[in-house]
Amino acid sequence: MLDNRQAGPTALRMQIGARLRRLREEKGIGRAEAGAAIRGSASKMCRLELGRHGFKVRDVLDLLDLYGLDDEDERNSFVELVREAKKPGWWQSYGDVVPAWFEQYVGLEQSATTIRSYEVQYVPGLLQTVDYARAVIGLEHHQATYDELDRRLKVRMTRQDILLRPVAPVRFWTVIDEAALRRPIGGTETMRAQIEHLINVAERMPNVKVQLLPFSAGGHLALGGPITVIRFAEHDLEDVVYLEQLTGARYPEGREADRYKEIMDSLAIRAAPPIRTVALLSDMLKDF
């Protein structure tokens, strides 16, 4: 029986989708046939099973009929979780400044137990100071109004609450390319405060691990852009790999996703260990 009342709506959708996929596969039913049962297509079934699309109670019950699931308690559990998954997350009230492709990621982030990331351009959003975040948002949305910029800043700062939760804070492990810290975003004072913040976080937050990937590490396969790997508490949910781009994002699957996980492991090995990273960050302060 499905049971995770503490998960966020995105993780609940993924959990429901994963269970429905297993039921379908156990019965040897293809996605096209399942999609037809809910007046949809194979592609719709794919989105549902990945948790990328919201569920309707009617559709879930029709699928359970198709899969031969008659147990009343389990059917009721599905219905309850579908209703829980429909409850909006806090970020959905910022729909005017959070695009749909990023809204999905925020939902994943809020439901995670562990997040691993590699950043080459900026300090990770979860570790940005207010001034640094304001400078980055200003660069990315230079034509936005002051109110729009302020709302985007509010979203970024609120996202960081997952690291400070009194119960089960998210474990965050990040590798930051030295290039991201050599680029004076927001000016000298802003960068100095940002690096000091990274040092403070690395030393005082046991659920956060910060590693610096110095120029001396040479070239590597992740120079093309940031990588994020998200893990959930639910045993039936696979890790999600997230690749953010300028105006959208990709979620590689299968072997491609495994390859990115291998790259993340490689980066963690090549980057400076956390203790050494603090020393390197302290040395950087002299340049600001």
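Small disclaimer: the values here were computed from a predicted structure and weren't measured. (Residues numbered from 1 in each chain as written. Predicted model: local features only at pLDDT ≥ 70, side-chain atom pairs only at ≥ 80, totals over all residues. Heavy atoms only, no water.)

Peer 1: Give a description of the sheet that holds strand E3 (residues 208-213) that names residues and reports values.
Peer 2: If you trace the 6 strands from one edge of the open sheet to the other, you get E3-E2-E1-E4-E5-E6, paired in mixed fashion. Edge strands, defined here as strands with exactly one partner in the open sheet, are E3 and strand E6 (249-250). Here strand E1 (residues 114-119) runs beside strand E2 (residues 171-177); their pairing, made up of 6 bridges, is parallel. Its bridge partner being in E2, Thr-114 is matched across the sheet by Arg-171. Of the strands in this sheet, E1, E2, E3, strand E4 (227-231), strand E5 (240-244) and E6 touch helix H11 (residues 254-270), which is tilted by about 75° from E1. (Pairing = 2+ DSSP bridges. Helix = DSSP H or I, 4+ residues; strand = E, 2+ residues; numbered from the N terminus. Contact = heavy atoms within 4.5 Å. Axes fitted to C-alpha atoms, helices over the stretch in contact; angles between N-to-C directions.)

Peer 1: Requested: an account of the packing of aromatic side chains, with residues and values cited.
Peer 2: The full count for this structure, using the stated rule, is 6 aromatic pairs. Ring geometry for Tyr-105 and Tyr-242: centres 4.2 Å apart, planes at 20°, overall stacked. Of this pair, Tyr-105 sits in helix H6 (residues 100-111) while Tyr-242 sits in strand E5, and the two are 137 residues apart along the sequence. With respect to burial, Tyr-105 and Tyr-242 carry one shared label: buried. Where Tyr-242 meets Tyr-251, the ring centres are 5.4 Å apart and the plane angle is 55°; that geometry is what we call tilted. When sorted by exposure, Tyr-242 lands in the same class as Tyr-251, which is buried. Ring pairing ties together the aromatic residues Trp-101, Phe-102, Tyr-105, Tyr-242 and Tyr-251, which thus form one cluster. Residue placement shows Arg-52 over the ring face of Tyr-251; its charged tip is 4.6 Å from the ring centre. Against the face of Trp-173 rests Lys-209, its NZ or CZ located 4.2 Å from the ring centre. (Phe/Tyr/Trp six-rings, centres within 6.5 Å; stacked < 30°, edge-to-face > 60°. Buried < 20%, exposed > 50% of the residue type's maximum accessible area, 1.4 Å probe, protein only. Lys NZ or Arg CZ within 6 Å of the ring centre and 35° of its normal.)

So far we have only geometry, and geometry alone does not tell us how the molecule works.
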